[in-house]
Amino acid sequence: QGVAGILAGIAKKQIDQGVAGSLARDFAKLEEQIVRGYPQLKESRKDGGLEWGYRLSFNGLTKDQKKTTIVEPKVEKGFFDNVKGLFSQ
């Protein structure tokens, strides 16, 4: 695995955080638009049964990398956010 594997792991984590953060920023509006477009999901929405994820699609990916990745809509604080928080208190 080596350095390439470590870098791939870091890149995947950044993608996961980016997608989760994008979903979380305007989650209620996004969810409302999706349910309006797909009314059959309305009941799943009430039960908290909707899952959110993404799938990468380009040449050269392994079978495992092509799978859908489920993410939880949330904004993760990074290292610099934590440092900034130390100085703003």
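Keep in mind that what you see is a predicted model, and the values were worked out from it rather than measured.

Considering the overall build of the chain
Next, step 1: Scanning the chain for helices and strands turns up 4 helices and 2 strands.
Next, step 2: Element order for the chain, N to C, with α for helix and β for strand: α-α-α-β-β-α.
Next, step 3: A burial count over the chain gives 13% of its 89 residues as buried.
Next, step 4: In the chain, the proportion of contacts linking residues at least 24 apart, taken out of those at least 6 apart, comes to 45%.
Next, step 5: Total accessible area computed for the chain in this model is approximately 7,500 Å², and 55% of it derives from carbon and sulfur atoms.

Thoughts on the side chain of threonine 69
Next, step 1: Structurally, threonine 69 can be placed in strand β2 (residues 69–71).
Next, step 2: Leave out the neighbours within four places in its chain, and threonine 69 touches Lys12, Asp16, Trp52, Gly53 and Tyr54.

Points about the nonpolar core
Next, step 1: With 6 residues, the main nonpolar core is built from Ala20, Leu23, Leu50, Trp52, Tyr54 and Val71.
Next, step 2: Broken down by secondary-structure element, the contributors of at least two residues to this core are α1 (2–25) and β1 (52–54).
Next, step 3: Once you skip the residues sitting within four places of it in the chain, leucine 50 turns out to touch Glu31, Leu41, Ser44 and Arg45.

Quick word on the pattern of salt bridges
Next, step 1: All chains considered together, the criterion is met by 2 salt bridges.
Next, step 2: We note a salt bridge from aspartate 16 to lysine 12, for which the minimum N-O separation is 2.9 Å. Of the two residues, aspartate 16 and lysine 12 both sit in helix α1, 4 residues apart, roughly one turn of that helix.

Section: the side chain of glutamate 31
Next, step 1: Relative to the assigned elements, glutamate 31 resides in helix α2 (residues 27–37).
Next, step 2: Look past the residues within four positions of glutamate 31 in its chain and what remains in contact with it is Arg45, Leu50 and Trp52.

About the criteria used
Residues numbered from 1 in each chain as written. Predicted model: local features only at pLDDT ≥ 70, side-chain atom pairs only at ≥ 80, totals over all residues. Heavy atoms only, no water. Helix = DSSP H or I, 4+ residues; strand = E, 2+ residues; numbered from the N terminus. Buried < 20%, exposed > 50% of the residue type's maximum accessible area, 1.4 Å probe, protein only. Contact = heavy atoms within 4.5 Å. Areas by Shrake-Rupley, 256 points an atom, 1.4 Å probe, with all protein chains shown as cover. Core = buried A, V, L, I, M, F, W, Y, C linked by side-chain atoms within 4.5 Å. Salt bridge = Lys/Arg side-chain N within 4 Å of Asp/Glu carboxyl O.

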